[in-house]
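This is what each chain is made of:
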Amino acid sequence: MAEFAAALLVAAAFVIGGRMLASAASERVEFIKEILLMLNIFETRLRYAGAPVSELLHLASEGGCSRLLFLEKCGILLAEGEIFKDAWEKCIREHTAFCRLLPEESEKLIGMGSDIGRTDVEGQLSCCGYYKEIFGACLLEKEEIFRRSAALYPKLGIMFGVSAALFLA
Amino acid sequence: MNNSERFAQAVRVFPPALTHLFLGLTDSEKESVREIRLRAEKPVVAVTESGCCFLHSSGRLTQIYSGHTVALNSRELEEIFHRVCSCSVHTFKDAINRGFVTVEGGHRAGVGGTAVTENGRVVSVRDINCINLRIAREIRGAADEIYSRCFSSGVGGLIVAGPPSSGKTTVLRDLARQLSGVERGVLARVFVCDERGEIGAVHCGRVQNDLGINCDLITSYPKSEGILIGLRSFSPDIIICDEIATEEEILAIESGLRTGVDFALSIHAGSETELRSKPTVRRLVESGCFANAVLLSGKEVGKVEKYFSAGDLIG
């Protein structure tokens, strides 16, 4: 009986592990979707009103980018007199969940801090367009990974779990 | 907010180390500083009532230039430029091209560099090498005397003339506040067309100066267009605008006068002779809608040298 329970526990652990991997892949996709949403909000407000960076950050954080916690923090630092580029980098690096899940993408996003607010509206729109292309390609890639992992990881988890249980039994 | 507090607010636009040095000045030093001039690879200069001073690295003002005076390099100046623009060059592009940016508190930062032109028009400015921060000092009551003389019996047309730095804008700003405030019990519908952003000092959508509670303000519109917007959409009792000079502006004012709206406006004139000889003044006074004109002395902000009635000016 004890052996059977142990085997069940091992099987469950593998299944949970599989699900967690799938969930991380899903979270990556959601993060990138929000980055693209942020860039869309930036573009719209820049084109319509030439809005200052502080307003762009506020609108994006209020406008559906709830996962991008660094937006609000960056707005606060900006209001306290910190230079945007430094505040942006600092806040992204402090958002550990984001950096852990998307290390390469977070570096690319940090790079965007050197461009935002430094040119005229046309320049800003080009910058947003450039980063939309980069993150658009990222999204396709991560969605593909997610599609595969959503099905694969839980199944692998079940398979390894059952194998381990049988082995133990 | 007193002048010392306004100074403290203005210097917050600098990097923390420089801000700290300026905040360490005595209250009397803070109150006496009118402008802070920053140039790449040159010492920081504070223009005070008693002349130009350098900022010593120990945090005091001195008239002696030495190796201990604080200087800025190009990178630091560029950082200050971005701070002045709230890290949003795109938002302030037109203002930068015109040569100044209004920062929080209504302080004006003059910005100089190399102009990038297109068909003879400045389209952007690169290599910023000098910034002049003018500490704004809102003088409540600057228009008290003028108000008592010209508006005691109700709203009417007024021309405010004077040389540069005589306080024309300060007077117009205080007039807007008094005409549209509860203080005098008038509560007129005031419309301010602030082409250069000096009357209201709007920064990121917030009006920095007190223009009263019943005042509508538009900023950066060319005056000729702004006046027509005021007439069409805001049905004001009085329209206030600064530095009238062009034919288009006069035409817009004349169309306003025909609808019965009054105007309080400023005109550059260094002396009574210059005021009398200006065709624009004659044309406005001949419309019969400007009962009064004042010439500011230039010796003290808002100090009136002479009052004129319409008849005096064209007689």
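Just above sits the structure.
The text that follows walks through the structure, step by step, so that each part is easy to find. Remember, it's a predicted structure, so these values are computed and weren't measured experimentally.

### Some words on the overall build of chain B
The number of helices and strands found in chain B is 12 helices and 18 strands. The C-alpha atoms of chain B give 21 Å as radius of gyration, which agrees with the globular expectation for 315 residues (20 Å, within 12%). When the backbone C-alpha atoms are referred to their principal axes, chain B occupies close to 60 × 45 × 35 Å. By residue count, 52% of the 315 residues in chain B fall in the buried class. Taking as baseline every contact in chain B between residues at least 6 positions apart, the subset at least 24 positions apart corresponds to 62%. With the model as given, the accessible surface of chain B reaches about 14000 Å², and the carbon-plus-sulfur share is 47%. Measuring between centres, the 36 positive side-chain charges of chain B sit 2 Å from its 39 negative side-chain charges.

### Some details on the pattern of salt bridges
Applying the stated criterion across every chain, the model contains 32 salt bridges over all chains. The partner of Arg93(A) in a salt bridge is Glu107(A), with the nearest N and O atoms 2.9 Å apart. Here Arg93(A), found in helix α4 (residues 84–94), pairs with Glu107(A), found in helix α6 (residues 103–112); they are 14 residues apart in sequence, far enough to count as distant. Among the residues examined, Arg93(A) registers a relative accessible area of 40% and is labelled partly exposed. By relative accessible area, Glu107(A) is classed as partly exposed at 41%. Here Arg140(B) ties to Asp210(B) by a salt bridge, and the two come within 2.8 Å at their closest N and O atoms. Here Arg140(B) is found in the loop between β9 (121–134) and α6 (144–150), whereas its partner Asp210(B) is found in the loop between β13 (206–207) and β14 (215–219), with 70 residues between them in sequence. Given the relative accessible area of 48%, Arg140(B) is considered partly exposed. Look at the salt bridges and you will find they share partners, linking Arg108(B), Lys168(B), Arg196(B), Glu198(B), Asp242(B) and Glu243(B) into a network.

### Quick word on the interface of chain B and chain A
Of the residues lining the interface, 11 residues belong to chain B; the matching set on chain A comes to 17 residues. Interface area, chain B with chain A, both sides summed: about 1100 Å², of which 60% is carbon and sulfur. Of all residues in chain B, His82(B), Cys87(B) and His90(B) bury the most surface against chain A, accounting for 52% of the area lost on that side. In this assembly, chain B and chain A are joined by one salt bridge. One salt bridge connects Glu78(B) with Arg118(A), and the closest N-O pair in it is separated by 3.5 Å. Joining chain B to chain A, the criterion identifies eight residue pairs in polar contact (both at pLDDT 80 or more). Broken down by element, the residue count for the side of chain B that touches chain A peaks at four residues, all from helix α4 (residues 74–84) of chain B. For the side of chain B that touches chain A, the class distribution of residues is three nonpolar, four polar and four charged.

### A look at helix α2 (residues 16–23) of chain B
Residues and elements named next belong to chain B. Along α2, the residues classified as buried are Leu-18, Thr-19, Leu-21 and Phe-22. Considered in projection along α2, the buried side chains sweep an arc of 160 degrees and stay on one side of the axis. In α2, the exposed positions angled more than 90 degrees off the buried face are occupied by Pro-16, Ala-17 and His-20. Residues of α2 that are buried make contact with α1 (3–11), α3 (27–32), β1 (33–39), β4 (51–55), β6 (71–72) and α4.

### Thoughts on the sheet that holds strand β16 (residues 262–268) of chain B
Residues and elements named next belong to chain B. Read from one edge to the other, the open sheet built from seven strands follows the order β14-β11-β15-β16-β10-β17-β18, with strand pairing classed as mixed. Looking at which strands have only one partner, the edges of the open sheet turn out to be β14 and β18 (304–309). Across this sheet, the average inter-strand angle for adjacent strands is 15 degrees, counted without regard to direction. In this sheet, β16 lies alongside strand β15 (residues 238–241) in parallel orientation, the contact comprising four bridges.

### Looking at the packing of helix α1 (residues 2–49) of chain A against α6(A)
Residues and elements named next belong to chain A. Contact geometry for α1 and α6: axes closest at 12 Å, N-to-C directions at 15 degrees. Classified by the interaxial angle, the pair formed by α1 and α6 is roughly parallel. As α1 packs across α6, the resulting crossing turns out to be left-handed. Taking contact as the criterion, the partners of Ile-32, Ile-35, Met-38, Leu-39 and Phe-42 in α1 are, on α6, Glu-105, Leu-109 and Met-112. Of the residues contributing to the contact of α1 with α6, the split by class is seven nonpolar, no polar and one charged.

### Quick look at the side chain of Ser180(B)
Here Ser180(B) is to be found in the loop between α7 (168–179) and β11 (190–194). The exposure class of Ser180(B) is buried, given its relative accessible area of 0%.

### Remarks on unusual backbone geometry
All names here are of chain B. Here Glu-41, not a glycine, exhibits a phi torsion of approximately 60 degrees, which is positive. Here Glu-41 shows up in the loop between β1 and β2 (42–43). Of note in the backbone geometry, Cys-87 takes a positive phi value of approximately 55 degrees without being a glycine. With respect to the helices and strands, Cys-87 occurs in the loop between α4 and α5 (93–98). A residue is classified by how much of its surface remains accessible, and Cys-87, at 8% relative accessible area, is buried.

Scoring rules and cut-offs
- Residues numbered from 1 in each chain as written.
- Chains lettered and ligands numbered in written order.
- Predicted model: local features only at pLDDT ≥ 70, side-chain atom pairs only at ≥ 80, totals over all residues.
- Heavy atoms only, no water.
- Helix = DSSP H or I, 4+ residues; strand = E, 2+ residues; numbered from the N terminus.
- Rg over C-alpha atoms; globule rule 2.2 N^0.38 Å.
- Buried < 20%, exposed > 50% of the residue type's maximum accessible area, 1.4 Å probe, protein only.
- Contact = heavy atoms within 4.5 Å.
- Areas by Shrake-Rupley, 256 points an atom, 1.4 Å probe, with all protein chains shown as cover.
- Lys, Arg positive; Asp, Glu negative; His and termini not counted.
- Charge placed at Lys NZ, Arg CZ, Asp CG, Glu CD.
- Salt bridge = Lys/Arg side-chain N within 4 Å of Asp/Glu carboxyl O.
- Buried area = accessible area lost by both parts, 1.4 Å probe.
- Polar contact = N/O pair within 3.5 Å; in protein donor to acceptor, adjacent residues only side chain to side chain.
- Nonpolar A, V, L, I, M, F, W, Y, C, P; charged D, E, K, R; others polar.
- Arc of directions from axis to C-beta.
- Pairing = 2+ DSSP bridges.
- Axes fitted to C-alpha atoms, helices over the stretch in contact; angles between N-to-C directions.
- Parallel < 35°, antiparallel > 145°, perpendicular 65-115°, else oblique.
- Left-handed = near helix turned anticlockwise from the far one by under 90°.

Remember, this is a structural readout, not a statement about activity or role.
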